[in-house]
Amino acid sequence: MKSWLARFAYSALLRLVTPGYLLRLWWRGWREPGYRQGLAQRLGFGYRPALPGAFWLHAVSLGETRAASALVDALRTQQPALRLLLTHGTATGFEAGRALLRAGDLQTWLPWDTPGAVRRFLRDHRPAIGVLMETEVWPNLLHGARDEGVPMALANARLSEKSFARGRRIAALIEPAARSLALVLAQTEADASRLREAGGAKVLVCGNLKFDVSPNPELLTRGRSWRQRSARPVVLAAVTREGEELPLLQCWKTLEAPRPLLMLVPRHPQRFDEVAAMAVDCGLQAWRRSAWAAQPPDAALQADVWLGDSMGEMPLYYAAADVALLGGSFGRFGGQNLIEAAACGCPLVMGPHTYNFSDAAELSLAAGASLRVAGIDEGVARAVELARDPQRDDWVQRALAFAAAHRGAAERMARELLALAGPRLGGG
């Protein structure tokens, strides 16, 4: 009864705020037009239904979609005729997901988690299985899938101590949702332990899909060519969050000339203009990646800062850098995906906050692929020092070895998920 009341209250609240949710999507669409596409689908209407028996995979945003690419490759290797139903929640995830599609696949938006929208989505598409990536536990979606007979799994699952503590405050809502998952494929033993305590019944440890994502070789080659053209060391601030850029730029301004080149890549594209203005306000000469095509002009090589205002080019930035500062780890955001840097052979300097990737961070430190600092001032000093270190190639080799040592999660997860789908899966 308690769980029913919790879900009833949750559903009522979602219905109440639905107009605000749609207005927020429309407002975000002012800077990212993708958010204005498929608004009806967010409410469970206007779908072009997938063929029954599709493999439904939900990757909410860009990071989950990149990780999902390794899983999709493994699924297609094990079952070549697989038909994919791919859903997202963000414009960046949707755009990146296009590259995963083949003939017979379908891509759409995940509906808002109201009972009616969920019911319409599931009855229109009738998937054989549903797979949510990493942390996406939606109570009505999981309840509706159980009623429609769709087995649900959580893949590449992670649950930090902070998120676990927050979830316990709404246990009456979260625990029934977690119990309805037929399978949970966790990244680490620590994640698995917390996920079991949160309500997961069948929880297996399979590793982290991000280790199986291979950087685009063309982007790596181009990035290395950028590095060869720079006479100065190059430091990358990778996937930074709000509140991290200004202290970094202020610290950068204090460095003695000739300063290393700083490449600054904010996480959210809607903040590109804001961060570019910060650099100018700090008295630094800045060039934007969008100002050139394949190669930066000679004038850009004299700049203090390059703003990475592009999407899908992180391997290029990592390959062009001597060392990277890990965004999200200097503010209280829990860090970003540090595995991609290692796969590109880029050593990392991490701040104190890496709880979203705690296991990978500790493995990276133990492997000698990264180092940790207390704050941005120390981070800049250590990054500049490492970028100029004659032994930097040793760091590069340790980073590559660290990334290679932990591959294999995609194959393990694909095998478990296809077994769960069984004969319901179309094209099998």
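Scope of this entry: the structure provided in the associated data block.

Procedures and definitions
- Residues numbered from 1 in each chain as written.
- Predicted model: local features only at pLDDT ≥ 70, side-chain atom pairs only at ≥ 80, totals over all residues.
- Heavy atoms only, no water.
- Helix = DSSP H or I, 4+ residues; strand = E, 2+ residues; numbered from the N terminus.
- Expected span 1.5 Å × (residues − 1).
- Buried < 20%, exposed > 50% of the residue type's maximum accessible area, 1.4 Å probe, protein only.
- Arc of directions from axis to C-beta.
- Contact = heavy atoms within 4.5 Å.
- Phe/Tyr/Trp six-rings, centres within 6.5 Å; stacked < 30°, edge-to-face > 60°.
- Lys NZ or Arg CZ within 6 Å of the ring centre and 35° of its normal.
- Patch = residues over 30% accessible without salt bridge, like charges linked within 9 Å, V, L, I, M, F, W, Y side chains within 5 Å.
- Areas by Shrake-Rupley, 256 points an atom, 1.4 Å probe, with all protein chains shown as cover.
- Salt bridge = Lys/Arg side-chain N within 4 Å of Asp/Glu carboxyl O.
- Lys, Arg positive; Asp, Glu negative; His and termini not counted.
- Charge placed at Lys NZ, Arg CZ, Asp CG, Glu CD.

Considering helix α16 (residues 376-387)
- Compared with an ideal rise of 1.5 Å per residue, which puts twelve residues at 16 Å, α16 spans 16 Å between its outermost C-alpha atoms and is within 8% of the ideal.
- Taken as a whole, α16 has its buried residues at Ile376, Gly379, Val380, Ala383, Val384, Leu386 and Ala387. Buried residues in α16, looked at end-on, bunch into an arc of 165 degrees, giving them a common side.
- The inward-facing, buried residues of α16 abut β8 (234-240), α11 (245-253), β12 (323-326), β13 (348-350), β14 (370-372) and α17 (392-405).

Focus on the environment of Glu218
- Structurally, the position occupied by Glu218 is in helix α10 (residues 217-229).
- Spatially, the C-alpha atoms of Glu218 and Leu316 are 8.4 Å apart, while their sequence positions differ by 98 residues.

Describing the packing of aromatic side chains
- Counted by the stated rule, this structure contains nine aromatic pairs.
- Taken together, a centroid distance of 5.6 Å and an interplanar angle of 70 degrees make the contact between Trp226 and Trp292 edge-to-face. Taken together, the residues Trp226 in helix α10 and Trp292 in the loop between β10 (286-288) and β11 (305-307) connect sequence positions 66 residues apart.
- The class of Trp226 is buried, set by a relative accessible area of 1%.
- Joined through ring pairs, the aromatic side chains of Tyr47, Trp56 and Phe121 make up one cluster.
- Seen from the ring of Phe357, Arg158 lies directly overhead, with NZ or CZ sitting 5.4 Å from the centre.
- Looking at Arg398, its charged tip hangs above the ring of Trp395, at a distance of 4.9 Å from the centre.

Examining a positive patch on the surface
- Together, Lys162, Arg166, Arg169 and Arg332 line one region of the surface with positive charge.
- Locating Arg166 in the fold gives a position in helix α7 (residues 161-168).
- Judged by its relative accessible area of 43%, Arg166 is partly exposed.

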